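Listed below are the residues making up each chain.
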Amino acid sequence: MSSNYKESFEQMKIAGSLAAKTLDEVTSYVVPGVTTNKLDKICYEYIKDNGAYSAPLFYRGFPKTCCTSTNHVVCHGIPSDKYLNEGDIINIDVTTIVNGWHGDTSRMFFVGDVSVKSKNLVATTYESMMNAISIIKSGISTGDIGENIQTYVEKKGFSVVRDFSGHGIGKIFHEPPNILHYGNKGEGIKLTPGMMFTVEPMINEGTYNTKILKDGWTAVTKDKSLSAQFEHTIGVTENGYEIFTQSQKKFYQPPYQT
């Protein structure tokens with residue numbers, strides 16, 4: 001990546017900001033009795049009304065605007081006519097395309113009152129992401145990010161999903177480098193200014209094993225334990241990092257005050 005990355009960062013901020021605003025917009029609708037199709041429609045219309053496109057829609061045949069992953073669904077859940085119930089936890093993952101640039105982010109939501117177990121899992125997942133982002137700067141390695149997440153999560157008694165990772169992003173939705181959420185310090189590649197990628201740990205209450213359902217997309221925990229995920233798109237600077245997908249409404253982790 002050339003030293004002239006500031007223009008790219010400006011474009012990524014625009015795309016990332018819209019992705020974050022889309023999640024801000026849908027927040028008040030995440031209540032018991034709503035369908036994930038309804039949440040998907042809200043995201044679709046908000047992105048379209050803002051002159052942008054949804055990256056997941058028709059990506060490799062994916063049929064919807066966003067991914068809605070509930071309870072033991074790890075990622076890539078497909079919105080449907082299924083209703084959300086009191087006590088569910090759900091991840092909504094959106095990626096916008098603005099002027100050819102991608103903004104990719106996801107958040108967890110509580111559906112009504114949720115269990116203490118769910119709250120602990122969700123809080124640990126958010127904290128693991130933010131702790132790892134806080135160490136990002138030119139010169140560290142991708143393995144440092146993974147080691148930071150894994151150490152934090154496993155101390156809390158949870159496990160880090162191995163089958164999915166963060167990814168490079170920009171004008172292309174998914175590109176190198178892979179950002180593993182587990183690993184060892186010093187492994188992987190060194191970060192340099194101008195690199196852009198997602199940090200998106202998926203954390204399970206039970207073991208880290210997953211399987212893909214027959215629809216070819218939905219990943220679930222093998223042991224049916226709960227799973228949680230948060231995601232930010234970030235850029236590496238000389239002295240640190242920039243988060244492109246921060247909520248303007250300060251909706252960082254649930255419960256959100258709408």
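Here the structure is a predicted model, which means the values were calculated and not measured.

### Quick word on the overall build of the protein
Thinking step 1. From N to C terminus, the protein includes 4 helices and 15 strands.
Thinking step 2. In summary, the protein has a C-alpha radius of gyration of 17 Å against a globular reference of 18 Å for 258 residues, a match within 12%.
Thinking step 3. Once the C-alpha set of the protein is aligned to its principal axes, its extents read approximately 50 × 45 × 35 Å.
Thinking step 4. Within the protein, the fraction of its 258 residues that count as buried is 55%.
Thinking step 5. Across the protein, the fraction of contacts at a sequence separation of at least 24, relative to all contacts at a separation of at least 6, is 70%.
Thinking step 6. A total of about 11,300 Å² of accessible surface is found on the protein, and carbon and sulfur atoms cover 49% of it.
Thinking step 7. Side-chain charges of the protein comprise 25 positive and 27 negative groups, with the mean position of each set lying 1 Å from the other.

### Thoughts on the sheet that holds strand S3 (residues 73–75)
Thinking step 1. Strand order in the open sheet formed by 3 strands is S3-S12-S11, with antiparallel pairing between adjacent strands. Looking at which strands have only one partner, the edges of the open sheet turn out to be S3 and strand S11 (210–212). The sheet shows a mean angle of 40° between the axes of neighbouring strands, direction not considered.

### Digging into the nonpolar core
Thinking step 1. Membership of the largest hydrophobic core comes to 46 residues, with the highest contact counts inside it found for Ile92, Ile136, Ile145 and Phe197.
Thinking step 2. Broken down by secondary-structure element, the contributors of at least two residues to this core are helix H1 (6–26), helix H2 (36–49), strand S4 (89–98), strand S5 (101–110), helix H3 (116–134), helix H4 (142–155), strand S9 (196–199) and strand S14 (232–236).
Thinking step 3. Top contributing element to this core by residue count: H3, with 6 residues.
Thinking step 4. Each residue touching Ile145, except ones within four places of it in the same chain, is listed here: Ala132, Ile135, Ile136, Ile140, Ile179, Leu191 and Phe197.

### Overview of H2
Thinking step 1. If you check H2, its first and last C-alpha atoms are 20 Å apart, about what 14 residues at 1.5 Å a residue would give, namely 20 Å.
Thinking step 2. Taken residue by residue, H2 has Thr36, Asn37, Leu39, Asp40, Ile42, Cys43, Tyr46 and Ile47 as its buried positions.
Thinking step 3. Buried-residue contacts for H2 involve H1, strand S1 (53–54), strand S2 (67–70) and S4.
Thinking step 4. The first or second residue beyond H2 is Gly51, which carries a positive phi of 75°.

### Considering empty space enclosed by the protein
Thinking step 1. Using the criterion set out here, one finds 1 cavity of 30 Å³ or more in the structure.
Thinking step 2. Roughly 60 Å³ of volume is contained in the largest cavity.
Thinking step 3. Lining the largest cavity are Thr105, Ser106, Arg107, Tyr126, Met129, Phe230, Glu231, His232, Gln246, Ser247, Phe251 and Tyr252.
Thinking step 4. Sorting the residues of the lining of the largest cavity by element identifies S5 and H3 as the ones contributing at least two each.
Thinking step 5. Per-element tally for the lining of the largest cavity: the top contributor is S5, with 3 residues.
Thinking step 6. Looking at the lining of the largest cavity residue by residue, the class counts come to 5 nonpolar, 5 polar and 2 charged.

Definitions and cut-offs
- Residues numbered from 1 in each chain as written.
- Predicted model: local features only at pLDDT ≥ 70, side-chain atom pairs only at ≥ 80, totals over all residues.
- Heavy atoms only, no water.
- Helix = DSSP H or I, 4+ residues; strand = E, 2+ residues; numbered from the N terminus.
- Rg over C-alpha atoms; globule rule 2.2 N^0.38 Å.
- Buried < 20%, exposed > 50% of the residue type's maximum accessible area, 1.4 Å probe, protein only.
- Contact = heavy atoms within 4.5 Å.
- Areas by Shrake-Rupley, 256 points an atom, 1.4 Å probe, with all protein chains shown as cover.
- Lys, Arg positive; Asp, Glu negative; His and termini not counted.
- Charge placed at Lys NZ, Arg CZ, Asp CG, Glu CD.
- Pairing = 2+ DSSP bridges.
- Axes fitted to C-alpha atoms, helices over the stretch in contact; angles between N-to-C directions.
- Core = buried A, V, L, I, M, F, W, Y, C linked by side-chain atoms within 4.5 Å.
- Expected span 1.5 Å × (residues − 1).
- 1 Å grid on protein atoms, 1.4 Å probe; cavity = no way out; pocket = protein on both sides within 12 Å on 5 of 7 lines; lining within 4 Å.
- Points joined across faces, edges and corners; volume = space filled by probe spheres on them.
- Nonpolar A, V, L, I, M, F, W, Y, C, P; charged D, E, K, R; others polar.

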